[in-house]
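# Residue-level structure breakdown
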Amino acid sequence: MFQRTSFIIVGSLIIAIISCKPKQQPSAAKPAIPALSADHKGVVCTQSNIPKRFTALKIPADTQQTTTGNTSHKGMVWINAGTYQMGADNKQAAQDEYPKHKVTIDGFWIDQTEVTNNQFTAFVKATHYITTAEQKPDWDEMKKQLPPGTAKPDESLLVPAALVFTPPKHPVNLNDYGQWWSWKTGASWQHPHGSGSNIAGKGNYPVIHVSWYDAQAYCKWVHKRLPTEAEWEWAARGGLANNVYPWGNEGVNTGKIKANTWQGSFPDKNTMTDRFYGAAPVASFAPNGYKLYDMAGNVWEWCADKYAPDYYSQSTNAKNPQGPAKSYDPDEPYATKRVTRGGSFLCNDSYCSGYRVSRRMKTTEDSGMENLGFRCVSNK
């Protein structure tokens, strides 16, 4: 969050997290961390998260591509159909952002902002929905996405929880992810920092700690859907061709503040030049050319697509690509991943660059964390 990931090992429970780091060897004093793919600048920027935990909520694949019922377009903008070059724009690009390829997209409606706490509260009040983070993990399901023979964690760890950013007070070895991420009991969308915290006064902040399943359930309730990865990037580009960021090519730390990101030394010092330490209220920064807010920074956003690192080589000249039929992440081959986009308040240009419009991340479907949210789209 910056968002890029690896694993924290708590007891025998492997918790995947979002982090982005210069490629280093694991410390001898720490458990070995599986090797991750490096981008063209030698920075590990992948997103793995909590192994799949639940099967209770199953969303049919066709709900990804259609919306039914009466959809309100309040707070949405129409994005015209078009053709663009999808993928890598500069030398910061990771391997899975290549090859840059032509994609054609039909027109669609998209939320101007990330879904807020107020909007998600209305959904929960109407449906009595319980999010993934608020449920106890099911070990029988979790172990299916872990290497065979992985030991069952202590029952004290199998409790409703989510990943919370817990920064150290001093510089740390960036290979030791456990020094800034915690598996926090009671953390959820209503209690973003664990039991005792709340969202009072934060109705206009993006809802966080929502899994892909949670986002899908909300979309269904409002007769919308999650954007495909190709739709998301087309919208994020804001009408600009082959630019690095939603606002163009000017660096994130040059000129006026453009997005909610991390300024200073990650993860111990944030100078808060942008005025925010964590997530910011939606629309706190200037929109892109399509009048869309926070397409860079603030919180990562779920997409509909499954993740595969080589998918772009299979979708050249595609029209409305839907992502691969099967998820595959060589870093966690047993886990099912979905694409997330846009970066977050933890992204730092010297550390990683998640707010680039072509940056791809990968997250297990049931993941809940402090810098992950979503926005919706509609076909009509």
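Keep in mind the model is a prediction, meaning the values are calculated, not measured.

### Some details on the confidence of the model for the protein
Within the protein, residue pLDDT values average 84, and 82% of them lie at 70 or more. Under a pLDDT of 50 for its full length, residues 1-65 has, in the predicted model, 248 contacts with residues more than four places off or in other chains.

### Thoughts on the environment of A280
Note on placement: A280 falls in the loop between β12 (269-270) and β13 (300-306). Taking C-alpha positions, A280 is 6.1 Å from Y205, a pair spaced 75 residues apart along the chain. Setting aside anything within four residues of it in sequence, one finds A280 in contact with Y205, P206, N260, F285 and N298.

### Observations concerning the nonpolar core
Among the nonpolar cores identified, the biggest contains 47 residues, and F120, W180, Y218, L226 and F374 are the most heavily contacted of them. Those elements that place two or more of their residues in this core are α1 (117-127), β9 (161-165), β10 (181-185), α3 (212-221) and β13. Ranked by residues supplied to this core, first place goes to α3 with six residues.

### Remarks on the side chain of T71
Among the secondary structure elements, T71 is positioned in the loop between β4 (43-44) and β5 (76-79). The class for T71 is buried, based on a relative accessible area of 18%. Within the local environment of T71, its side chain forms a polar contact with the backbone oxygen of H223, the two atoms lying 2.6 Å apart. In this structure, T71 is in contact with V222, H223, K224, S378 and K380, ignoring residues within four places of it in sequence.

### Examining unusual backbone geometry
When glycine is set aside, most residues are seen to have a negative phi, and most peptide bonds are trans. Residues Y98 and P99 are joined by a peptide bond in cis, for which omega reads -5°. Following the sequence through the fold, P99 ends up in the loop between β6 (82-86) and β7 (101-105). Put simply, F266 and P267 share a cis peptide bond, and its omega is 0°. Position of P267 relative to the elements: it lies in the loop between β11 (264-265) and β12. Although it is not a glycine, K291 adopts a positive phi angle of roughly 65°. Secondary-structure assignment places K291 in the loop between β12 and β13. The class of K291 is exposed, set by a relative accessible area of 55%.

### Brief notes about the sheet that holds β6
Across the sheet, three strands lie side by side as β6-β7-β14; this open sheet has mixed pairing. The open sheet has two edge strands with one neighbour each: β6 and β14 (318-319). Where β6 meets β7, five bridges bridge the pair, whose relative direction is antiparallel. Across the sheet, residue T83 finds its bridge partner in β7, namely T104. Strands β6 and β7 of the sheet are contacted by helix α4 (residues 229-236), whose axis makes an angle of about 95° with β6.

### Comments concerning α1
Listing the buried residues of α1 in full gives N117, F120, F123 and V124. Across the axial projection of α1, the buried residues extend over an arc of 120°, all falling on one side. Looking at the packing, one finds that the buried side of α1 touches α3. H128 occupies a position one or two residues after α1 and carries a positive phi of about 60°.

### Description of the packing of α1 against α3
Interhelical geometry of α1 versus α3 gives an angle of 80° and a closest axis separation of 11 Å. Between α1 and α3, the crossing angle belongs to the class labelled roughly perpendicular. On the side of α1, the interface is formed by Q119, F120, A122, F123, A126 and T127, while α3 contributes D214, A217, Y218 and W221. Residues that form the contact of α1 with α3 fall into these classes: seven nonpolar, two polar and one charged.

About the cut-offs
- Residues numbered from 1 in each chain as written.
- Predicted model: local features only at pLDDT ≥ 70, side-chain atom pairs only at ≥ 80, totals over all residues.
- Heavy atoms only, no water.
- pLDDT = per-residue confidence, 0-100.
- Contact = heavy atoms within 4.5 Å.
- Helix = DSSP H or I, 4+ residues; strand = E, 2+ residues; numbered from the N terminus.
- Core = buried A, V, L, I, M, F, W, Y, C linked by side-chain atoms within 4.5 Å.
- Buried < 20%, exposed > 50% of the residue type's maximum accessible area, 1.4 Å probe, protein only.
- Polar contact = N/O pair within 3.5 Å; in protein donor to acceptor, adjacent residues only side chain to side chain.
- Pairing = 2+ DSSP bridges.
- Axes fitted to C-alpha atoms, helices over the stretch in contact; angles between N-to-C directions.
- Arc of directions from axis to C-beta.
- Parallel < 35°, antiparallel > 145°, perpendicular 65-115°, else oblique.
- Nonpolar A, V, L, I, M, F, W, Y, C, P; charged D, E, K, R; others polar.

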